[in-house]
Amino acid sequence: MVGPAMGCRSSKGVGVMDQILRRPVPVAVAVAMAVLLLVNGVKVAAEPADEFMPVRIENFLSTFAPYTVYKSATFEELAAYAREMGLASIRVGIRWDQTEPFQGVYNWSMFDQRVETANRLGLRVHGLITRTPWWAEDPALTSFRTPRPELLAQFAATLVERYNGNGIDDAIGSDGRPLVVEAWEVSHEPDYRSVWDAANPTADYARAYRAAVAAARAVDPGVPVMTGGLSARGTTQYLRRVFDNLEPQELSAFLPVHLYRFPNSPESAVGGRYAKQSLLDRIVEFKREIFDVYAPGRPMRLWIGALGWPSWPSEPLPTTAYVTDEVQADYLVRAIVLALSTQLVEGIAIVCQLVDNTVCSSTPWTEMGVVRADGTPKPSYQAIRTAVEMLRGADYAGSEYLGPENYALHFARGEEIITVLWNASHHGTSSESLVELDAGDPGAIRLVDRDGEELEVTLRAGRAVLTLSGRPRYLVRRGIDVVPAPVVVPARVTGTPGGTIRLNVPVLNPFPRSLSGTFTLQLPQGWDAEEVGKPYHLAPAGLEILEFVVTPPREARTGEVELIGRFSGPDGTGAATAAWVSLARMEVVTDFRGGLEGWRVSTSDAQGGAHLSTEVSRAGRPSAKVSMRPDPRASGRLVQIARSAALPVPGEPYGFGVWVYGDDSGCQINYQVVDRDGEAFTVIAAQPIDWSGWRFVSAPISHFVSNSGGAANGTVDYPVGFRALMLSCRSSWVPEVVEVYFDEVIALYE
């Protein structure tokens with residue numbers, strides 16, 4: 001396992017056959033076995049699967065140290081920082097082209113030194129295989145970096161044998177002990193064409209990965225060999241096409257993904273550089289679309305190989321990608337705690353570099369560290385240390401509803417309950433909120449700040465009273481009962497007063513035992529529902545999507561409404577936010593029934609076009625079909641249909657929506673409006689397109705991702721006109737053809 005599982009392969013209960021299978025196999029034999037398996041289509045043995053055991057923070061955190069030249073800090077300094085912060089492991093890159101520059105000729109010195117340093121400091125090592133040497137490239141596929149599977153298999157087997165510490169052909173450190181690497185990852189962000197440039201990238205990567213897995217497991221059946229970390233611009237569409245070419249037993253129990261989301265908060269669903277999803281949305285997406293489809297019933301977890309925010313000491317910030325140092329600390333702690341609450345994440349590697357300007361050479365990546373280039377710690381350094389100290393030895397125990405946008409996540413350690421508290425909205429903002437919680441034993445209660453400072457606790461009639469903000473706090477209590485409730489990921493939808501609204505509410509079991517009960521919506525006065533209560537029966541790590549159909553009254557006020565759900569079951573009762581419903585008055589701006597006259601098509605890094613089509617119809621009339629053949633090696637792929645003169649829109653709409661027939665391509669939908677001064681605002685309406693069929697997508701203008709022209713003051717000066725719809729494919733991997741259909745463009749009013 002990576003994180004807690006690395007180094008935790010238990011020998012308890014190993015039978016005679018298992019002992020035989022675990023006997024070491026020479027590398028040459030392992031490679032030959034792997035090739036025979038591949039040629040003859042024989043299935044590869046599965047990686048031994050652990051039970052769904054709790055993940056704790058002391059085994060959870062990691063960092064990244066690629067195989068490169070370090071500028072602001074040495075590898076030894078990075079490892080020392082990691083250990084002092086309480087990190088458990090370190091992801092160390094090994095460049096194949098430098099380690100084996102000629103076939104069979106090895107230079108292990110640099111990697112050995114780094115593994116020894118990490119081992120000595122008590123950091124588990126996760127090895128990352130990168131860069132195909134020239135002699136191992138597969139000319140049948142490409143001339144750039146794609147390896148011949150049998151040669152990759154040989155290198156993987158050699159690595160596993162050298163660093164598995166089994167006493168045979170081991171790398172030996174200066175203290176005479178074997179050097180140990182406990183898990184391996186095949187390539188870094190292979191969803192980018194600049195990394196894996198093959199004729200059929202997904203199938204060819206799967207072929208090479210299968211060979212590496214087979215050879216590695218022939219040497220050591222228990223070694224985790226993972227697919228290359230999916231880039232932050234990657235989508236599940238890429239993974240699905242890779243996994244379509246693999247058998248379930250060939251998959252590791254851990255899926256590496258990179259989940260950068262800067263500058264957005266962990267809770268934000270605004271969209272921007274990456275997905276228009278909260279961190280919990282993203283985690284559940286991998287569970288729903290990958291784990292439950294390709295390894296049903298098997299305990300799989302994410303390995304978040306990169307997560308962080310570039311930071312600057314204070315405002316003004318260098319660019320919109322940055323946050324302040326204080327905000328970086330808040331976001332990192334909140335992301336760690338949210339990921340732990342799902343128990344679907346095996347570990348998180350903090351930032352692409354632990355020290356600023358160590359590895360990355362371009363902004364904003366140069367300031368991703370938690371230590372500045374001059375060696376002084378940022379607030380995040382102490383904040384992460386405090387999180388590890390406060391939650392060490394504690395298991396996630398459940399959550400508590402304290403009002404909208406307030407988070408209260410409980411962790412249990414013996415008789416102690418440590419509750420991590422903060423305030424954050426899905427719009428990416430935080431505010432102060434006064435809350436009360438059961439104080440428990442008044443003589444044992446403690447309140448600890450994000451950075452470890454002890455704070456006074458206000459007690460009132462057996463209740464602890466405190467003010468929440470975006471800065472996390474820890475409330476430590478005894479004598480508290482916590483109900484083990486499922487994790488509820490709130491739905492976010494837009495509808496009209498009097499209209500039918502469909503809600504899909506994911507509920508997840510983060511516990512190693514089953515949960516069952518009923519989740520019942522607490523509807524506002526005058527609202528109706530087909531069914532207000534839905535039962536759930538969740539196995540350990542189980543996920544269900546509860547579907548509700550609700551109707552607000554025609555006289556309902558517009559604006560955002562929180563729908564609360566109450567769960568009840570054998571373990572007790574509780575509540576959680578079930579959905580955020582934006583009620584709006586809607587007016588159609590255009591439905592394309594007049595054709596595309598007045599619209600012009602433009603493209604970037606793609607071939608594309610637009611025309612009226614009756615292939616797909618939502619309301620018995622033609623829709624606007626937009627097609628794209630994206631350049632797979634480019635990044636700014638775009639097909640835009642824009643008005644020569646913007647369509648006038650009356651009043652002051654707060655946002656716009658559009659009916660879209662999606663193709664599950666992983667691309668995104670943007671719209672653009674222009675205000676009275678000629679300032680243009682581009683807004684993400686859907687990111688990614690992860691559905692097939694018709695769906696209404698929308699976003700407020702205030703969530704714009706870019707603005708230009710006119711006053712360029714970032715303020716919408718009404719009236720506005722609707723100018724453009726955009727099909728944008730900025731993800732790292734895209735299909736050969738993307739086709740979507742647009743129907744009504746609708747203005748949203750409060």
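Look a little higher up for the structure.
Once a new chain begins, its residue numbering starts again from 1 and follows that chain's sequence as written. Residue-level local features of this predicted model are given only where pLDDT is at least 70; pairs of side-chain atoms are given and counted only at 80 or more, and the full residue set underlies all totals for whole chains, interfaces and linings. To get the side-chain values, all heavy atoms of the structure are used, and hydrogens and water are removed first.

Asker: Before we move on, can you summarise the packing of helix H9 (residues 279-294) against helix H10 (residues 325-342) with the specific residues and values?
Answerer: To get an axis, fit a line to the C-alpha atoms, keeping to the stretch in contact for a helix; angles then go from 0 to 180 degrees between the N-to-C directions. A run of H or I in DSSP counts as a helix once it spans at least four residues, and a run of E counts as a strand once it spans at least two, with each numbered from the N terminus. For the pair H9 and H10, interaxial distance at closest approach is 10 Å and the crossing angle is 35°. Handedness of the H9/H10 crossing: right-handed. Residues Leu279, Leu280 and Ile283 of H9 touch H10, and the partners they reach there are Ala335, Leu338, Ala339 and Thr342. Residues were grouped as follows: Ala, Val, Leu, Ile, Met, Phe, Trp, Tyr, Cys and Pro as nonpolar; Asp, Glu, Lys and Arg as charged; and all remaining residues, including Gly, as polar. The residue makeup of the contact of H9 with H10, split by class, is six nonpolar, one polar and no charged. When the near helix sits turned anticlockwise from the far one by under a right angle, the crossing is termed left-handed; a clockwise turn instead gives a right-handed crossing. Every residue pair with non-hydrogen atoms within 4.5 Å of one another is taken to be in contact.

Asker: Explain the packing of aromatic side chains to me, and be specific about the residues and the numbers.
Answerer: In this scheme Phe, Tyr and Trp rings, the latter by its six-membered ring, pair at centre separations within 6.5 Å, and the angle between planes marks the pair as stacked below 30 degrees, edge-to-face above 60, and tilted otherwise. Using the criterion set out here, one finds 30 aromatic pairs in the structure. Ring geometry for Tyr81 versus Tyr381: centroids 6.0 Å apart, planes at 85°, classification edge-to-face. A residue pair is termed long-range when its members are at least 10 positions apart, and Tyr81 in helix H3 (residues 75-85) and Tyr381 in helix H11 (residues 379-391) qualify at 300 residues. A relative accessible area of 5% places Tyr381 in the buried class. Between the aromatic rings of Tyr661 and Tyr741, the centroid separation amounts to 5.7 Å while the plane-to-plane angle is 90°, which identifies the pairing as edge-to-face. Taken as a pair, Tyr661 in strand S34 (residues 655-663) and Tyr741 in strand S40 (residues 738-749) lie far apart in primary sequence, 80 residues in all. Each residue in the set Tyr106, Trp108, Phe111, Tyr163 and Trp184 is aromatic and connected to the rest through ring pairs, giving one cluster. As a reminder, the over-ring test applies to NZ of lysine and CZ of arginine, requiring each to be within 6 Å of the ring centre and within 35 degrees of the ring normal. The side chain of Arg91 reaches across the aromatic face of Phe64, ending 4.3 Å from its centre. Partly exposed describes any residue whose relative accessible area lies between the buried limit of under 20% and the exposed limit of over 50%, with all areas from a 1.4 Å probe on protein chains only and scaled to the type maximum.

Asker: Got a sec to walk through helix H7 (residues 201-219)? Specific residues and values, please.
Answerer: Here a helix's expected span is defined as the number of its residues, less one, multiplied by 1.5 Å. For H7, with 19 residues, the first-to-last C-alpha span of 27 Å sits near the 27 Å given by 1.5 Å per residue. Among the 19 residues that make up H7, 17 are buried, leaving the element largely enclosed by the rest of the structure.

Asker: Pulling in residues and values, what's your account of unusual backbone geometry?
Answerer: Geometrically, the link from Phe262 to Pro263 is a cis peptide bond, its omega value of 5° lying close to zero. Position of Pro263 relative to the elements: it lies in the loop between strand S6 (254-258) and H9. Cis geometry is found at the peptide bond from Glu315 to Pro316, where omega equals 0°. Here Pro316 lies in the loop between strand S8 (311-312) and strand S9 (323-324). For Ala541, which is not glycine, the phi dihedral falls at a positive 65°. Tracing the backbone shows Ala541 in the loop between strand S25 (533-538) and strand S26 (543-551). Positive phi outside glycine occurs at Asp664, with the angle close to 60°. With respect to the secondary-structure elements, Asp664 resides in the loop between S34 and strand S35 (668-675).

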